[in-house]
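# What the coordinates show
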Amino acid sequence: MEEILYITTPIYYVNAKPHIGHAYTTIVCDVFARFNRMLGKRVKFVTGTDEHGKKIEQSAARSGMTPQVFSDQVSQLFRELLPILNVSNDDFVRTTENRHKVAVSHIWNTLHQNGYIYLGEYSGWYDIRNEAYFTEEELVDGKSPLDGREVVIMKEECYFFKLSAFQNKLLEYYESHKDFIFPESKRNEVISFVKSGLKDLAISRTTFNWGIPVPHNDKHVIYVWMDALANYLTCNNYPENQDQNNNEFWQNSLHFIGKEIVRFHAVYWPAFLMAANITPPRQIIAHGWWLSEGEKMSKSLGNVQDPVKLCNLFGSDALRYFLLRELSFGEDGNFTIESFVTRYNGFLANSYGNLCKRVITLVDKYSNGFVIKPEKFSKTDKDFVQNIDLLLEKTIELVEKYAFNRYLEKIEMATSLANQFIDQEKPWALKEFNDIKRMQDVLYILLEAIIKITKFFDPVTPIAASKILHQIDNSVRDKITVNSVDESVFPRIDVTKINEFDVYAKD
Ligand code: MSP
């Protein structure tokens with residue numbers, strides 16, 4: 001049976017321009033989507049923008065715009081980033097779209113009908129940026145426990161969701177679905193949070209208007225997280241498609257998120273879904289955070305790398321490769337331009353790009369642009385082919401475990417084996433000694449290795465892969481023809497220019 005996957009990014013707040021952290025989550029999802037499509041799976045991959053809430057209303061006011069005009073502009077920047085990063089998403093959802101409002105109202109009504117919503121009054125410490133209330137005890141040094149921001153005291157009439165009714169159900173669910181939360185460390189955190197007790201959750205606000213109105217009581221707008229989480233259903237044709245439990249995309253839904261929003265996805269979201277009689281998604285996958293030059297990225301420090309500038313300077317393939325290679329998924333990583341250039345030159349230019357260019361040029365120059373499959377393979381040849389195959393085979397399970405940096409390590413190892421093979425077999429020397437047959441065999445074996453490596457590298461570097469696979473044609477059986485070009489797919493970066501590169505976002 002055909003395997004199916006439904007892959008989602010978080011939907012991004014439109015209060016700031018997209019930066020390298022947002023680009024990372026999207027690229028991770030894209031690589032995972034492309035890799036799985038390469039394996040023959042049917043993939044639906046969606047992303048979008050989260051546009052309601054007080055914070056966005058405030059940002060819009062500061063810019064002197066209505067929230068709608070403001071959201072239109074910033075959402076457009078997120079949308080335009082996708083082709084720049086070469087992202088293969090199937091849908092882009094905005095929470096201000098009608099289809100989404102319909103989905104959210106429908107969920108609200110369902111929860112209400114099922115008896116999980118009641119009207120009450122809330123007072124507590126409110127973290128505006130994260131749109132979350134906290135009790136006195138939950139504050140850390142009087143600040144938001146999420147990220148240390150200021151909190152203000154607030155009191156309002158609001159609707160509550162009976163989250164407390166789901167404490168045991170959630171714990172049972174985590175127990176019977178051991179891989180629901182990835183990685184394990186986050187799973188443990190969630191379990192101990194839920195065990196410590198769940199209070200009912202305030203799910204409406206009356207202190208601002210920029211949101212989806214509560215059905216039948218438009219004094220209230222729906223809590224932005226309930227609104228935002230529902231996007232995953234909107235993109236799966238809910239409520240038109242009511243039967244999500246038997247929907248193969250929903251059954252195979254994977255939500256990729258940053259580690260700071262695990263609680264919303266692994267506690268609130270499955271509880272909302274259970275209350276609506278919808279099964280929780282298959283998995284919540286949390287990754288770590290990028291720091292910039294060792295510090296938290298922030299506009300005020302001016303240290304936020306701009307993904308658009310990086311793509312303009314070095315190409316989207318290079319950015320995609322660097323982000324996945326440098327950070328060990330789940331852990332935090334540090335973005336520096338030095339490490340970017342070092343990895344680029346070290347692998348993309350000197351190892352992979354150079355290998356492709358060298359072999360293609362040799363076939364072009366010494367063998368009239370084509371080679372025929374060897375009649376027999378020596379022990380060295382067989383070992384080489386087998387080692388490459390083993391390394392590439394291994395990438396499948398690594399990607400399945402979201403070990404993207406280790407997947408790329410295997411690609412690097414396979415490429416370096418091919419570079420060793422060429423240095424050891426010296427096709428140029430074989431040519432000199434007139435051993436044309438062996439020279440052609442060696443080049444054939446190398447071209448085949450390049451094709452295989454390139455296919456497994458394609459999810460990360462699709463532009464280079466398509467160029468290489470255009471230069472190497474194996475559509476005729478047992479014959480490989482090349483089209484030589486002078487430029488390497490990854491020309492070396494001049495390290496002496498490193499200080500001249502302008503990679504930071506301006507505003
Ligand atoms: N709108 C909510 C998500 C709602 S999903 C139903 C939100 N938006 S966000 O724009 O603030 O952040 C979205 C995601 O961007 C984070 O979860 C994370 O995946 C990514 N990142 C933002 N900054 C980041 C870094 N510095 N490093 C890595 N990823 C980070 O939260």
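Criteria and cut-off values
Residues numbered from 1 in each chain as written. Predicted model: local features only at pLDDT ≥ 70, side-chain atom pairs only at ≥ 80, totals over all residues. Heavy atoms only, no water. Buried < 20%, exposed > 50% of the residue type's maximum accessible area, 1.4 Å probe, protein only. Helix = DSSP H or I, 4+ residues; strand = E, 2+ residues; numbered from the N terminus. Polar contact = N/O pair within 3.5 Å; in protein donor to acceptor, adjacent residues only side chain to side chain. Contact = heavy atoms within 4.5 Å. Domains from an automatic or database assignment. Buried area = accessible area lost by both parts, 1.4 Å probe. Salt bridge = Lys/Arg side-chain N within 4 Å of Asp/Glu carboxyl O. Nonpolar A, V, L, I, M, F, W, Y, C, P; charged D, E, K, R; others polar. Near = heavy atom within 4 Å. Areas by Shrake-Rupley, 256 points an atom, 1.4 Å probe, with all protein chains shown as cover. Pairing = 2+ DSSP bridges. Axes fitted to C-alpha atoms, helices over the stretch in contact; angles between N-to-C directions. Parallel < 35°, antiparallel > 145°, perpendicular 65-115°, else oblique. Phe/Tyr/Trp six-rings, centres within 6.5 Å; stacked < 30°, edge-to-face > 60°. Lys NZ or Arg CZ within 6 Å of the ring centre and 35° of its normal.

## A few points about helix α11 (residues 307–314)
- Along α11, the residues that are buried comprise Pro307, Lys309, Leu310, Cys311 and Phe314.
- Its side-chain oxygen placed 2.8 Å from the backbone nitrogen of Val308, Asp306 serves as the N-cap of α11.
- Phi for Gly315, located one or two positions after α11, is positive at around 95°.

## A word on the side chain of Asp441
- Mapped onto the elements, Asp441 comes out in helix α17 (residues 436–457).
- Excluding anything up to four places from it in sequence, Asp441 contacts Pro374 and Lys376.

## A closer look at the domain arrangement of the protein
- Here the domain parsing of the protein yields domain 1 (4–287) and domain 2 (345–482).
- Computed over C-alpha atoms only, the centres of domain 1 and domain 2 are separated by 44 Å.
- Taken together, the contacts link 13 residues of domain 1 with 13 residues of domain 2.
- For the domain 1 and domain 2 pair, buried surface summed over both sides reaches about 1,200 Å², with 79% attributable to carbon and sulfur atoms.
- Looking at the side of domain 1 facing domain 2, the largest losses of area belong to Val31, Phe32 and Phe35, adding up to 43% of the total buried there.
- Summed over the shared surface of domain 1 and domain 2, the result is zero salt bridges.
- Among the secondary structure elements, those contributing two or more residues to the side of domain 1 that touches domain 2 are α1 (20–38), β13 (253–258) and β14 (283–287).
- Residue composition of the side of domain 1 that touches domain 2, by class: 10 nonpolar, two polar and one charged.

## Topic: unusual backbone geometry
- Cis peptide bonds are those with omega within 30 degrees of zero, and the linkage from Phe182 to Pro183 qualifies with 0°.
- Following the sequence through the fold, Pro183 ends up in the loop between β8 (181–182) and α6 (184–195).
- The residue after Tyr238, namely Pro239, is reached through a cis peptide bond having omega 5°.
- With respect to the helices, strands and loops of the structure, Pro239 is situated in the loop between α8 (231–234) and α9 (248–251).
- Of note in the backbone geometry, Asn434 takes a positive phi value of approximately 65° without being a glycine.
- Checked against the element boundaries, Asn434 lands in the loop between α16 (427–432) and α17.

## With respect to the site of the ligand
- In the vicinity of the ligand lie 24 residues, with Ile11, Thr25, Asp50, Glu260 and Trp290 positioned nearest.
- The contact in question runs from an oxygen atom of the ligand to an N or O atom on the backbone of Tyr13, over 3.1 Å.
- One of the backbone N or O atoms of Gly258 is found 3.0 Å from an oxygen atom in the ligand.
- Here the ligand loses 97% of its free accessible area of 660 Å² to cover by the protein chains.
- When contributions to the shell around the ligand are tallied by element, the ones reaching two or more residues are β2 (12–13), α1, α7 (224–229), α8 and β13.
- In terms of residue class, the shell around the ligand is built from 12 nonpolar, nine polar and three charged.

## Brief notes about the environment of Glu240
- Of note, Glu240 is situated in the loop between α8 and α9.
- Along the sequence, Glu240 and Arg99 sit 141 residues apart, while their C-alpha atoms lie 9.8 Å from each other.

## Examining the sheet that holds strand β9 (residues 201–202)
- Reading across the sheet, the four strands line up as β6-β5-β7-β9 and stay open at both edges, with antiparallel pairing between neighbours. Edge positions in the open sheet fall to β6 (132–134) and β9, since each of these has one partner strand only.
- Judged from the 10 bridges that link them, strand β5 (residues 117–127) and strand β7 (residues 152–161) form a sheet pairing that is antiparallel. Bridge assignment links Gly124 to a residue of β7, and that residue is Met154.

## Here's the deal with the environment of Tyr6
- Mapped onto the secondary structure, Tyr6 falls in strand β1 (residues 4–8).
- Look at Tyr6 and you get buried, because its relative accessible area is 0%.
- Measuring from C-alpha to C-alpha, the distance between Tyr6 and Phe45 comes to 5.9 Å, with 39 residues separating the pair along the chain.

## Description of the packing of helix α14 (residues 379–400) against helix α15 (residues 404–425)
- For the pair α14 and α15, the least separation of the axes is 8 Å and the interaxial angle reads 170°. Compared by their axis directions, α14 and α15 come out roughly antiparallel. Counted together, Thr380, Asp381, Phe384, Asn387, Ile388, Leu391, Leu392, Lys394, Thr395, Leu398 and Val399 of α14 and Phe404, Arg406, Tyr407, Lys410, Ile411, Met413, Ala414, Leu417, Ala418, Phe421, Gln424 and Glu425 of α15 form the full contact between these two elements.
- Taken together, the residues of the contact of α14 with α15 sort by class into 14 nonpolar, four polar and five charged.

## Focus: the packing of aromatic side chains
- Within the structure shown, the criterion is met by 42 aromatic pairs.
- Ring centres of Tyr173 and Phe180 lie 5.3 Å apart, and the angle between their planes is 90°; on these two criteria the pair is classed as edge-to-face.
- Overall, Tyr173 belongs to the buried group, its relative accessible area being 14%.
- Here Phe335 and Phe340 contribute two aromatic rings whose centre-to-centre distance is 6.2 Å and whose plane-to-plane angle is 25°, an arrangement assigned as stacked.
- Cluster of aromatic residues (ring-pair linked, three or more members): Tyr24, Trp290, Phe314, Phe322, Phe335, Phe340 and Phe501.
- When the ring centre of Tyr13 is taken as reference, the NZ or CZ atom of Lys55 above it lies at 3.3 Å.

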